[in-house]
2 protein chains.
Amino acid sequence: MSADQAAALIPAGSNVGMSGFTGSGHPKLVPQALAARIEAEHAAGRPFKVNVWTGASTAPELDGALAKVGGMGQRLPFQSDPICRDKINAGEVDYLDIHLSHVAQQAWFGFLGPMQVAVVEVLGILPDGRLIPSAAVGNNKTWLDIADKVILEVNSLPPAEMEGMHDIYYGTAIPPRRLPINLTQPIERIGEPYLRVDPAKVIAVVPTHHGDRDTAFAKPDAVSSQIAAHIIDFLAHEVKVGRLPKAMLPLQSGVGNVANAVLAGLLDGPFDDLLGFTEVLQDGMLELIKRGKMAAASATAISLSRDALKEFTDNIGFYRERIVLRPQEISNHPELVRRLGVIAMNAMIEADIYGNINSTHIMGSSMMNGIGGSGDFARNGYLSFFVTPSVAKGGQVSCIVPMVSHVDHTEHDTQIIVTEQGLADLRGLAPRQRAQVIIDKCAHPDWRPLLQDYFDRARQKGGQHTPHILGEALSWHQRCLDTGSMRV
Amino acid sequence: MSADQAAALIPAGSNVGMSGFTGSGHPKLVPQALAARIEAEHAAGRPFKVNVWTGASTAPELDGALAKVGGMGQRLPFQSDPICRDKINAGEVDYLDIHLSHVAQQAWFGFLGPMQVAVVEVLGILPDGRLIPSAAVGNNKTWLDIADKVILEVNSLPPAEMEGMHDIYYGTAIPPRRLPINLTQPIERIGEPYLRVDPAKVIAVVPTHHGDRDTAFAKPDAVSSQIAAHIIDFLAHEVKVGRLPKAMLPLQSGVGNVANAVLAGLLDGPFDDLLGFTEVLQDGMLELIKRGKMAAASATAISLSRDALKEFTDNIGFYRERIVLRPQEISNHPELVRRLGVIAMNAMIEADIYGNINSTHIMGSSMMNGIGGSGDFARNGYLSFFVTPSVAKGGQVSCIVPMVSHVDHTEHDTQIIVTEQGLADLRGLAPRQRAQVIIDKCAHPDWRPLLQDYFDRARQKGGQHTPHILGEALSWHQRCLDTGSMRV
Ligand SMILES: CC(C)(COP(=O)(O)OP(=O)(O)OC[C@H]1O[C@@H](n2cnc3c(N)ncnc32)[C@H](O)[C@@H]1OP(=O)(O)O)[C@@H](O)C(=O)NCCC(=O)NCCS
Ligand SMILES: CC(C)(COP(=O)(O)OP(=O)(O)OC[C@H]1O[C@@H](n2cnc3c(N)ncnc32)[C@H](O)[C@@H]1OP(=O)(O)O)[C@@H](O)C(=O)NCCC(=O)NCCS
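Quantities reported herein were computed from a predicted structural model and do not represent experimental measurements. (Residues numbered from 1 in each chain as written. Chains lettered and ligands numbered in written order. Predicted model: local features only at pLDDT ≥ 70, side-chain atom pairs only at ≥ 80, totals over all residues. Heavy atoms only, no water.)

Participant: Would you explain the overall build of chain A in this entry?
Facilitator: On a plain count of helices and strands, chain A comes out with 18 helices and 25 strands. Taking 2.2 N^0.38 as the reference for a compact globule, 488 residues should give roughly 23 Å; the C-alpha atoms of chain A span a radius of gyration of 23 Å, in line with that estimate. For the C-alpha atoms alone, the extent of chain A along its principal axes is close to 70 × 55 × 45 Å. Buried residues in chain A amount to 65% of all 488 residues. Pairs at least 24 residues apart make up 72% of the contacts formed inside chain A by residues separated by at least 6 positions. Summed over its atoms, the accessible surface of chain A is roughly 15,300 Å², and 53% of this surface lies on carbon and sulfur atoms. A gap of 3 Å separates the mean positions of the 43 positive and 52 negative side-chain charges of chain A. (Helix = DSSP H or I, 4+ residues; strand = E, 2+ residues; numbered from the N terminus. Rg over C-alpha atoms; globule rule 2.2 N^0.38 Å. Buried < 20%, exposed > 50% of the residue type's maximum accessible area, 1.4 Å probe, protein only. Contact = heavy atoms within 4.5 Å. Areas by Shrake-Rupley, 256 points an atom, 1.4 Å probe, with all protein chains shown as cover. Lys, Arg positive; Asp, Glu negative; His and termini not counted. Charge placed at Lys NZ, Arg CZ, Asp CG, Glu CD.)

Participant: Could you clarify how one ought to interpret the packing of aromatic side chains in this entry?
Facilitator: Note on aromatic pairs: each is described by the distance of the centres and the angle between the planes. Counted by the stated rule, this structure contains 18 aromatic pairs over all chains. A ring pair is formed by Y382 of chain A and F111 of chain B, whose centres lie 5.3 Å apart and whose planes are at 75°; its orientation type is edge-to-face. With one member in each of two chains, Y382 of chain A in the loop between α14 (374-380) and β20 (383-387) and F111 of chain B in the loop between α5 (100-109) and β5 (117-125) form a pair that bridges those chains. Residue Y382 of chain A shares its accessibility class with F111 of chain B, and that shared class is buried. R427 of chain A extends its terminal NZ or CZ atom over the ring of F111 of chain B, reaching a point 4.4 Å from the ring centre. (Phe/Tyr/Trp six-rings, centres within 6.5 Å; stacked < 30°, edge-to-face > 60°. Lys NZ or Arg CZ within 6 Å of the ring centre and 35° of its normal.)

Participant: What is the right way to look at the pattern of salt bridges in this model?
Facilitator: Opposite charge on two side chains permits pairing when their charged atoms draw close. One pass over the full model with this rule turns up 54 salt bridges over all chains. Ionic pairing is found between R487 of chain B and D446 of chain B, a salt bridge with its closest N-O pair at 3.3 Å. Linking R487 of chain B in the segment after α18 (475-483) with D446 of chain B in the loop between α15 (431-442) and α16 (448-458), this pair joins segments that are 41 residues apart in sequence. Between R457 of chain B and E472 of chain B there is a salt bridge whose closest N-O contact spans 2.6 Å. In this pair, R457 of chain B sits in helix α16 while E472 of chain B sits in helix α17 (residues 470-473), placing the two residues 15 residues apart along the sequence. When salt bridges that share partners are traced, they join E238, R243, D425 and R427 of chain A into one network. (Salt bridge = Lys/Arg side-chain N within 4 Å of Asp/Glu carboxyl O.)

Participant: I would appreciate a short explanation of the sheet that holds strand β16 (residues 350-352) of chain A in the present structure.
Facilitator: Two pairing modes exist for strands in a sheet, parallel and antiparallel, and in both the strands are linked by backbone hydrogen bonds. Residues and elements named next belong to chain A. Reading across the sheet, the three strands line up as β17-β16-β23 and stay open at both edges, with mixed pairing between neighbours. Edge strands, defined here as strands with exactly one partner in the open sheet, are β17 (357-358) and β23 (400-401). Relative to β17, β16 runs antiparallel, the two being bridged by two bridges. Looking at the pairing, E350 lines up with N358 of β17. (Pairing = 2+ DSSP bridges.)

Participant: Which parts of the structure should I look at to understand the site of ligand 1?
Facilitator: Residues and elements named next belong to chain A. Neighbouring residues of ligand 1: 25 residues in total, closest E279, N346, I349, N369 and G370. Separating an oxygen atom of ligand 1 from a backbone N or O atom of N257 is a distance of 3.4 Å. Here ligand 1 has 960 Å² of accessible area as a free molecule, and 78% of this is covered by the chains. Contributing elements (two or more residues each) for the shell around ligand 1: α8 (257-266) and β15 (343-347). (Near = heavy atom within 4 Å. Polar contact = N/O pair within 3.5 Å; in protein donor to acceptor, adjacent residues only side chain to side chain.)

Participant: When you look at the environment of S253 of chain B in this model, what are you seeing that I'm missing?
Facilitator: Residue and element names in this part refer to chain B. Assignment of secondary structure puts S253 in strand β9 (residues 251-253). Placed 10 residues apart in sequence, S253 and L263 show a C-alpha to C-alpha distance of 7.7 Å. S253 has contacts with A259, L263, T278, V280, M285 and M345, leaving out every residue within four places of it along the chain.

Participant: Got a minute to help me understand the relation of the copies chain B and chain A in this structure?
Facilitator: One copy of the chain maps onto the other through a rotation about an axis followed by a shift along the same axis. Of the two same-sequence chains, chain B is brought onto chain A (RMSD 0.0 Å, axial shift 0.0 Å) by a rotation of 180°. These values place the two chain copies in the arrangement generated by a two-fold rotation axis. The C-alpha atom lying nearest the rotation axis in chain B is that of E335 of chain B; the distance is 2.2 Å. The overlap is high: 100% of the interface residues of chain B also sit at the interface in chain A, so the same surface is used on both sides. (Least-squares fit on C-alpha atoms with pLDDT ≥ 70 in both.)

Participant: Would you mind showing me how to read the interface of chain B and chain A here?
Facilitator: Quoted interface sizes are often the accessible area lost when the parts come together. The partner chain A presents 86 residues to the 85 residues of chain B that form the contact. Both sides together, the interface formed by chain B and chain A hides about 6,700 Å², and carbon and sulfur atoms give 53% of it. Where chain B meets chain A, there are four salt bridges. For R432 of chain B, the salt bridge goes to D94 of chain A, with nearest N and O atoms at 2.9 Å. Our count for the contact surface shared by chain B and chain A stands at 42 residue pairs in polar contact (both at pLDDT 80 or more). (Buried area = accessible area lost by both parts, 1.4 Å probe.)

Participant: Explain the packing of helix α7 (residues 222-240) of chain A against α8 of chain A to me, please; I cannot follow it from the model alone.
Facilitator: Packed helices, taken two at a time, are described by their axes: the angle between them and the distance between them. Residues and elements named next belong to chain A. Remark: α7 packs on α8, axes separated minimally by 8 Å, with the N-to-C direction vectors making an angle of 55°. Comparing the axis directions of α7 and α8 gives the class oblique. For the element pair α7 and α8, the recorded crossing hand is right-handed. Of α8, the residues touching α7 (which contributes S224, I227, A228, I231 and I232) are V258, A261, V262, G265 and L266. Per-class residue counts for the contact of α7 with α8 are eight nonpolar, two polar and no charged. (Axes fitted to C-alpha atoms, helices over the stretch in contact; angles between N-to-C directions. Parallel < 35°, antiparallel > 145°, perpendicular 65-115°, else oblique. Left-handed = near helix turned anticlockwise from the far one by under 90°. Nonpolar A, V, L, I, M, F, W, Y, C, P; charged D, E, K, R; others polar.)

Participant: Is there a simple way to think about the site of ligand 2 in this case?
Facilitator: All names here are of chain B. Looking at ligand 2, there are 25 residues lining it, with E279, N346, I349, N369 and G370 nearest. Between N257 and ligand 2, the recorded distance is 3.4 Å, taken from a backbone N or O atom to an oxygen atom. Within the backbone of I349, a nitrogen or oxygen atom sits 3.0 Å from a nitrogen atom of ligand 2. Coverage of ligand 2 by the protein amounts to 78% of the 960 Å² it exposes when considered alone. Looking at the shell around ligand 2, the elements with two or more residues in it are α8 (257-266) and β15 (343-347). Across the shell around ligand 2, the residue classes break down as 13 nonpolar, 10 polar and two charged.

Below you can see the structure in the form of structure tokens.
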């Protein structure tokens, strides 16, 4: 069936579950055809929106296309598309920013409403109807289970040898019928290589031959290399004092340039036989596997730059033995992240002197991308790092502030904060102690005296557990909104 | 050995792991003897402090006594003692407010430093050295495991029939050797009834015959009864639409008067055969069991008023079949809370219009009690309620505010907010939608127009994902600090 014909089967106002995770595995044609249809409907004066549920971020041909034509009512759970972001921040799209490990179950519980249609990219359909998953599993298992109708895009571009790389676990259930998830090693297999779908629900099959998003990462710069160096020193020290096994523990690495640079730093680090238990496998981790520094990795998606994708495709036989792709409810599952003792490394927008973390909001109101899986890993991991350059916007903005303008990870969940200036190990510290360490180790010298001044003056006032001057706590952000700079 | 002799064995500056959870199971004599010793040392001009790690809050004879003499350096992970609270807020005690499910593992990982001494209340010592746990298990298993030396208080007051009520799980481990925790029903037994200790580490055994804290709860008033009624209506509706099984799911109930009142409300509710999977079993849950509304409950501690304690003791044969006491790493374990699909109900200090929750800080700086296990249950539960009266301080303070002055639970973790005014079901709503529902349903009529005005004006400005006016967001709190009232 053509994408246009398939798109015509999606009712206005429906909740549509789409495949796709960090720019890979999303449907390539139907969303664009749907966008065209919506544009025509709007031109004819007829309202038409759909609610778009995915695995995580997708690409211009999904989020971009639908947002651009004003066809998106609701969007969940993670996005990073510039047009989609603008529509969210213009108040035109209702964006639900949900922990990635919570999405499938909330949909299954019925908390998000019924799903009328799923649009899922696969690499093939077996004679018995089972599906070969694509480069991203994401929430596809759940979407295929709960949707009333299913549209499949069958993409013939990715290497056929990806068949068998996936581990789709069908053992989850709704309480009170849940059982332990018997995974005890990052790349153990507990499921089956194929997705199931009730053939009676499949209303369209659309052939495609299109690549995933393959944007290149910024080359690690001095700042991110320094961040990486601080982390590696710290990990080596933890091994030395016996708080980490020599082979380390499974690594999770977040999205963004800095997170990728940290992985690059591990290439020359003292650790071998690393394991990955992460959500999205990007260039940095692929390189670790290629160079034999990482033995194997579990993820829910592979999202690579053009060069890395070529490496992956050319050597698929090597990588398919070393990478397992799972549903995101498994890749990010609190039970598993805690059991395996994952070392979590996520980028952030800003931290405050008490260790609260803002991963999502610019100046308290504008959404950047979303929390993604950072909460799943930061809360449940063995160690959790949050990293950022100490300043943003050419130095006009300090990423260490008196009080964050939005909280995604609370002081209770933050262990280690790293900037190019240094590393603050907050384990076992009370708030006032944390503040001094964060100011001393992480703040940029331009901002350090101002933070110290705030902290000192706050200590002259009221409650001393978490000293604050509430009338001033967010003034740095307000000034930045007013003048474009946090500077006085 | 006498308590004084035992207290003399605790070195200045040591990390001391004490038993005790919500006023029960704490050592009754050694902490007081230690406080007397510290007072004498201070009088002689010698500095003397210890760091006090417990299960959760204790009682005047532990937290109160040690705080009063200035003998507490560090305190973790939860407290509710007025003197201890004052010392924290005076900046004299370093308080670490840690998720209750994280404490044992962080200590075991070595993140908090070595533990020189454990002081643990038990009900008896078996001939082979194993210990009969008391009314609170808390972190005792871990304290006994990791402490260099152990002091035991053997309390002969609690009923001997408590022997066998406990389920101490010895299957936890440090990553990478962790395995699934095979608990699939709230009161299933997976461990053994006794605590283990290396007899070579036991340096003192002190006999006691003292009761636990037995303060009465406030009788449910109109406000808390209305909150309970909203919750029960909501749960009944969820059953009706098929999002909850008829027998419900296991209940967790937090600390405080309001949480207790909600349980009282269930006495006359339409639900039978309830199960509890909670952290502390208080009067409300005991009454549900007594009246046959709740079949059984799992907890880490029993903490009762004087009257309820008499009921429990008089009918211990009945209750010991229906209550299992576990280590708090199990009672609060994310793996189990999620698997069992717990319905979490916790009190809070304030919520903001976007659903961020403050459970711990008065006006952003002063610690009230601590986060306790609320994060373990709110993040991982099937449903999560946060409850509060809509106003505090005789109406001078609105508990629904533009922006909370401290965040313990983020918008990503909040599902349902309840005040006596009504219930806001936030599932599936984006921030702007949440704000309108919270203002309409939960705010007190005195404050509703002011919240609406803030929200309306915030929407005239900048980013529309989470509209805020940063210069004004915390002004209600600042005004309250300045004038004693949030009113203009
Ligand atoms: C936090 C996050 C946005 C950082 O991404 P990154 O690519 O490493 O960071 P960058 O330094 O390039 O910053 C991204 C943007 O935020 C801006 N920014 C960063 N810090 C800022 C601050 N404190 N104040 C204002 N803007 C800031 C940057 O200027 C940049 O904006 P621009 O593109 O307009 O120049 C990204 O990691 C993220 O979305 N994280 C949340 C989800 C997550 O953690 N996922 C991991 C598990 S899935
Ligand atoms: C939040 C919490 C303090 C509420 O306790 P409670 O007994 O139901 O609540 P109360 O209404 O009696 O309030 C307690 C105090 O806080 C004050 N308070 C409540 N809301 C307030 C607000 N918004 N602003 C200022 N003060 C407030 C009350 O006035 C009262 O102070 P007072 O004793 O000086 O009069 C308590 O539940 C708690 O500590 N929770 C956190 C831990 C937790 O959730 N544990 C559960 C799992 S362990």
